[in-house]
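Notes for the structure review
One letter stands for each residue in the lines below.
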Amino acid sequence: MIFKLSEEQEMIRKTVRDFAEKEVAPKAGPMDEAEEFDYSLWDQMAEMGLTGIPFPEEYGGAGMDNLCYAIAVEELSRVCASTGVLISAHTSLCSWPIYYFGTEEQKHKYLDPLANGEKIGALGLTEPSAGSDAGSVKTTAVLDGDEYVLNGSKIFITNGEKADIYVVIASTDKTKGSKGTAAFIVEKGTPGFTFGKKEHKMGIRASSTYELVFENCRVPKENMLGEDGKGFKIALMTLDGGRIGIASQALGIAQGAFDEAVKYSKIREQFGKSISSFQGIQWMLADMATRIDAARLLVYRAAYLKDSGQPYSKESAMAKLYASECAMWVTTKAVQIFGGYGYTREYPVERMMRDAKITEIYEGTSEVQRIVIAANILK
Amino acid sequence: MKILVCLKQTFDTEAKITLDSNGKIESKGVSMIMNPYDEFAVEEALRIKEKGEGEVTVISVGGQQTQDALRQALAMGADKAVLVDPGEIELDEFSTATVLAKTIGGMEYDIILGGFRAIDDGSAQVVGRVAELLNIPVVNVVTKLEIEGGKALATREVEGGSEVIEVALPAAFTAQKGLNEPRYPSMKGIMKAKKKPMDKKTLADVGLDENQIAAKVKALSFSLPEARQAGKVIPGEAAEAAKELARLLREEAKVI
Ligand SMILES: Cc1cc2nc3c(=O)[nH]c(=O)nc-3n(C[C@H](O)[C@H](O)[C@H](O)COP(=O)(O)OP(=O)(O)OC[C@H]3O[C@@H](n4cnc5c(N)ncnc54)[C@H](O)[C@@H]3O)c2cc1C
Ligand SMILES: Cc1cc2nc3c(=O)[nH]c(=O)nc-3n(C[C@H](O)[C@H](O)[C@H](O)COP(=O)(O)OP(=O)(O)OC[C@H]3O[C@@H](n4cnc5c(N)ncnc54)[C@H](O)[C@@H]3O)c2cc1C
């Protein structure tokens, strides 16, 4: 085993960290307060090629591997989890299924502008009554002439309202349950496709989370992604990869909180000494660092497996499960180390602790990750 | 247009400087960056190239790890890199400039760019010395540069204002903050950088030996700044306290 990043993996870390610290970090707090993302950051990321990292150049991507992508999401999330999930949902949940299941035509029409950052992407899977049980979607798609007619609604959709392109999972044959589903590419502005409620959240507050509403929304037949009947399968495979993105986001949040905690512990004095000289604080820092490293190894392994064409469903679930629980634990400890200051919005650890929680919920809750891992073990 | 950029790898601006057991600056474990003023120089070179056509070559004198800074310039868009590794000898500004001038002497160039100073030793000498050795003009602390018809109009900072200078090319220019806003390397740039040429040379390769570049200036010792003393609060009534402050400034601090 070689625990060494390649030259370009090192370089992407350095470049994205530099960008994140100079451009993103100063905006992270204000964007959280305003519950609004500053999309001038999107334009900068598009310019740098961060909007299509793991896709071939012929489709507008940067032609890098998934480990590079994981590192980029980690570094962005280290200073701003909302920026991390913007890239992660766009790349893993929308661009990837188009890249993997799309026809050549669909790829040129949709992946190209997504990867080069002209357009933003989102995935609409979850519904009010279909969360963890994502196979039970009720949104329907009925073929009428050359078009499918979509009816229903999707909730909690990341990049909702801001995204231009949506991959939407709908039922084409209710009698077949999850085997009667299909994936569709739906463009913003299609008549009958509107946005409902904006969610006001605990964390990742700059990330836009919306309800999608379909009322007799007509989507051209050729916008079906993959085969009819495979919608749920496509969603599951998409989430397998998406979990690497969310695991990277969680890892970044944990690292960011840890770095803040180390810095603070050295300068804060109580009882006439820096609090980092107390063993109680030292042991917290040691445990935080150890868990973060373990999470990083799991995340990078999952990305490596994906890059080398090996199965990664179990490993990406493990990475997501462990990294998200690590993020929640580490950010809680970081707030603890900051004492009363950590509980206020003067310092970023307060935001980081709120941001960490979502990583245990979306793209499969921690319980669902355990189900996936166990199913892989017992199969 | 052939543009050469001299760049140096320096300590990260946030690095904590410590001394080793021999009293030398400890470089182990310190993260390194491209000298920020050199980033302005690289950016300016790329902008000049992008306006017309041309080629940007980045050159550095340093150890093997200096390749990281050169690769960053390649990822930003420079075309070629040259690294001259002088080995384990101590260099001063004379040595570095001699190596650079000798290396550049064998190359074609219209413009030489560099940072006006490096943030580590801050000597602000190297590019000026290179220009002198090559017998070309140098314009320092440039904040605006326009190239046209074999000439350059360079705006530079002077005490209390700025000055515009016209020079014929080839010429050297040193970059000051404000010249431009350096770009971040793009992902495609990072991928391309791997395939761009990195010419690694030794002193012998450029036709020099250690004696010819022996440092003329030697640092005798290094010391860290003294830890800042805690401030002093002078209690009491304002008028009394002010009197006491004046006394302390005169008698203890000896500044008035
Ligand atoms: C901010 C945010 C962004 C999101 N972004 C997107 C997006 O872009 N696209 C999208 O499609 N969805 C998105 N979601 C939806 C998200 O994926 C779901 O919220 C998540 O899958 C959980 O579903 P649920 O909320 O319905 O919870 P439920 O499924 O109702 O779960 C409630 C609880 O029951 C547990 N549970 C459920 N089933 C089991 C079981 N079999 N065994 C043990 N425990 C179980 C869960 O683990 C959880 O603790 C987002 C959600 C949020 C909050
Ligand atoms: C919302 C809020 C309301 C509050 N209300 C009041 C109030 O009404 N009245 C009031 O007087 N105060 C109030 N406080 C202050 C509160 O009691 C302090 O914040 C708390 O005692 C911690 O002190 P600190 O924030 O200075 O943290 P610090 O003392 O700086 O502690 C920082 C970290 O170092 C650890 N630490 C410190 N010393 C040691 C040691 N010797 N060994 C091991 N670990 C150590 C701490 O446990 C903590 O993890 C409030 C604070 C908040 C946030």
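Residues numbered from 1 in each chain as written. Chains lettered and ligands numbered in written order. Predicted model: local features only at pLDDT ≥ 70, side-chain atom pairs only at ≥ 80, totals over all residues. Heavy atoms only, no water.

Focus on the domain arrangement of chain B
For chain B, the domain assignment lists domain 1 (2-213) and domain 2 (229-256). Computed over C-alpha atoms, the centres of domain 1 of chain B and domain 2 of chain B are 48 Å apart. (Domains from an automatic or database assignment.)

Quick word on the site of ligand 2
All names here are of chain A. As a structural note, the neighbourhood of ligand 2 is formed by Arg-268, Gln-270, Phe-271, Ile-275, Phe-278, Ile-281, Gln-336, Ile-337, Gly-339, Gly-340 and Tyr-341. Gln-336 is positioned such that a nitrogen or oxygen atom in its backbone is 2.6 Å from an oxygen atom of ligand 2. For ligand 2, an oxygen atom lies 2.6 Å from a polar atom in the backbone of Gly-340. Contact with the protein chains covers 43% of the free accessible surface of ligand 2, which is 970 Å². Residues that form the shell around ligand 2 fall into these classes: 6 nonpolar, 4 polar and 1 charged. (Near = heavy atom within 4 Å. Polar contact = N/O pair within 3.5 Å; in protein donor to acceptor, adjacent residues only side chain to side chain. Areas by Shrake-Rupley, 256 points an atom, 1.4 Å probe, with all protein chains shown as cover. Nonpolar A, V, L, I, M, F, W, Y, C, P; charged D, E, K, R; others polar.)

Here we look at empty space enclosed by the protein
All names here are of chain A. If you walk through the whole model with that rule in mind, you get 3 cavities of 30 Å³ or more. Approximately 80 Å³ is the volume attributed to the largest cavity. If you trace the largest cavity, you find it lined by Pro-54, Phe-55, Asn-66, Tyr-69, Thr-91, Ser-92, Trp-96, Thr-238, Gly-241, Gly-242, Ile-244 and Lys-306. Among the elements of the structure, helix H3 (66-79), helix H4 (81-101) and helix H6 (231-267) are those that each provide at least two residues to the lining of the largest cavity. If one sorts the elements of the lining of the largest cavity by residue count, H6 sits on top with 4 residues. When grouped by side-chain class, the residues that make up the lining of the largest cavity number 5 nonpolar, 6 polar and 1 charged. Quantified by volume, the second largest cavity comes out at close to 40 Å³. Mapped onto the domain boundaries, the lining of the second largest cavity takes at least three residues apiece from domain 1 (7-115) and domain 2 (121-232). (1 Å grid on protein atoms, 1.4 Å probe; cavity = no way out; pocket = protein on both sides within 12 Å on 5 of 7 lines; lining within 4 Å. Points joined across faces, edges and corners; volume = space filled by probe spheres on them. Helix = DSSP H or I, 4+ residues; strand = E, 2+ residues; numbered from the N terminus.)

Some words on the site of ligand 1
All names here are of chain A. The environment of ligand 1 is formed by 18 residues, the closest being Thr-126, Ser-132, Phe-156, Thr-365 and Glu-367. Take Leu-125: an N or O atom from its main chain is 2.9 Å from an oxygen atom of ligand 1. Ser-132 is positioned such that a nitrogen or oxygen atom in its side chain is 2.6 Å from an oxygen atom of ligand 1. A total of 970 Å² of accessible area belongs to ligand 1 in isolation, and the protein chains cover 64% of it. Using a 2 Å cut-off from the grid points, one finds that ligand 1 occupies the second largest pocket. Top element by residues in the shell around ligand 1 is strand S3 (residues 147-158). It accounts for 3 residues. Residue classes in the shell around ligand 1 are distributed as 9 nonpolar, 6 polar and 3 charged. (Sits in = over half its atoms within 2 Å of the grid points.)

Description of the packing of helix H8 (residues 313-338) of chain A against helix H9 (residues 348-358) of chain A
All names here are of chain A. At a closest axis distance of 8 Å, the pairing of H8 and H9 adopts a crossing angle of 160 degrees. As summarised for this structure, H8 and H9 are arranged roughly antiparallel, according to the angle between their axes. Like other packed secondary-structure pairs, H8 and H9 cross with a definite hand, here left-handed. Along the contact surface, H8 presents Ala-327, Met-328, Thr-331, Thr-332, Ala-334, Val-335 and Phe-338, while H9 presents Val-349, Glu-350, Met-352, Met-353, Ala-356 and Lys-357. Of the residues that constitute the contact of H8 with H9, the class distribution is 9 nonpolar, 2 polar and 2 charged. (Axes fitted to C-alpha atoms, helices over the stretch in contact; angles between N-to-C directions. Parallel < 35°, antiparallel > 145°, perpendicular 65-115°, else oblique. Left-handed = near helix turned anticlockwise from the far one by under 90°. Contact = heavy atoms within 4.5 Å.)

What about the packing of aromatic side chains?
Here the structure, examined in full by the defined rule, presents 20 aromatic pairs over all chains. Taking 5.0 Å as the distance between ring centres and 90 degrees as the angle between the ring planes, the aromatic pair formed by A:Tyr166 and A:Phe193 counts as edge-to-face. Highlighted residues: A:Tyr166 in strand S4 (residues 165-171) and A:Phe193 in strand S6 (residues 193-198), separated in sequence by 27 residues. Pair check on accessibility: A:Tyr166 and A:Phe193 agree, each one buried. Through successive ring pairs, a cluster of aromatic residues spans A:Tyr166, A:Phe193, A:Phe195, A:Tyr210 and A:Phe214. We note B:Lys216 situated over the ring of B:Phe94; from NZ or CZ to the ring centre the distance is 4.5 Å. (Phe/Tyr/Trp six-rings, centres within 6.5 Å; stacked < 30°, edge-to-face > 60°. Buried < 20%, exposed > 50% of the residue type's maximum accessible area, 1.4 Å probe, protein only. Lys NZ or Arg CZ within 6 Å of the ring centre and 35° of its normal.)

Digging into the state of the cysteines
Residues and elements named next belong to chain A. Counted according to the given criterion, the structure contains 0 disulfides over all chains. Sulfur of Cys-326: no disulfide; nearest cysteine sulfur belongs to Cys-80 and is 19 Å away. Owing to a relative accessible area of 2%, Cys-326 belongs among the buried residues under this scheme. (Disulfide = S-S within 2.5 Å.)

Focus on the sheet that holds strand S5 (residues 80-85) of chain B
Sheet strands pair via backbone hydrogen bonds, and the direction of the pair is either parallel or antiparallel. Residue and element names in this part refer to chain B. An order of S9-S8-S7-S10-S6-S1-S4-S5-S11 is seen for the 9 strands of this open sheet, with the pairing classed as mixed. Single-partner strands in this sheet number two, and they are strand S9 (161-168) and strand S11 (198-202). In this sheet, adjacent strand axes meet at a mean angle of 30 degrees when their direction is disregarded. Here strand S1 (residues 2-6) pairs with strand S4 (residues 55-61) via 5 bridges, running parallel. The residue of S4 that forms the bridge with Leu-4 is Thr-57. Relative to the sheet, helix H2 (residues 67-76) contacts S4, S5 and S11, its axis offset from that of S5 by approximately 165 degrees. Along the sheet face, helix H3 (residues 93-105) touches S1, S4, S5, strand S6 (111-115) and S11 and points at about 145 degrees away from the line of S4. (Pairing = 2+ DSSP bridges.)

Regarding the environment of B:Thr202
All names here are of chain B. Among the secondary structure elements, Thr-202 is positioned in strand S11. Judged by its relative accessible area of 39%, Thr-202 is partly exposed. Placed 141 residues apart in sequence, Thr-202 and Val-61 show a C-alpha to C-alpha distance of 9.7 Å. What Thr-202 contacts, discounting residues up to four positions off in sequence, is Val-84 and Asp-85.

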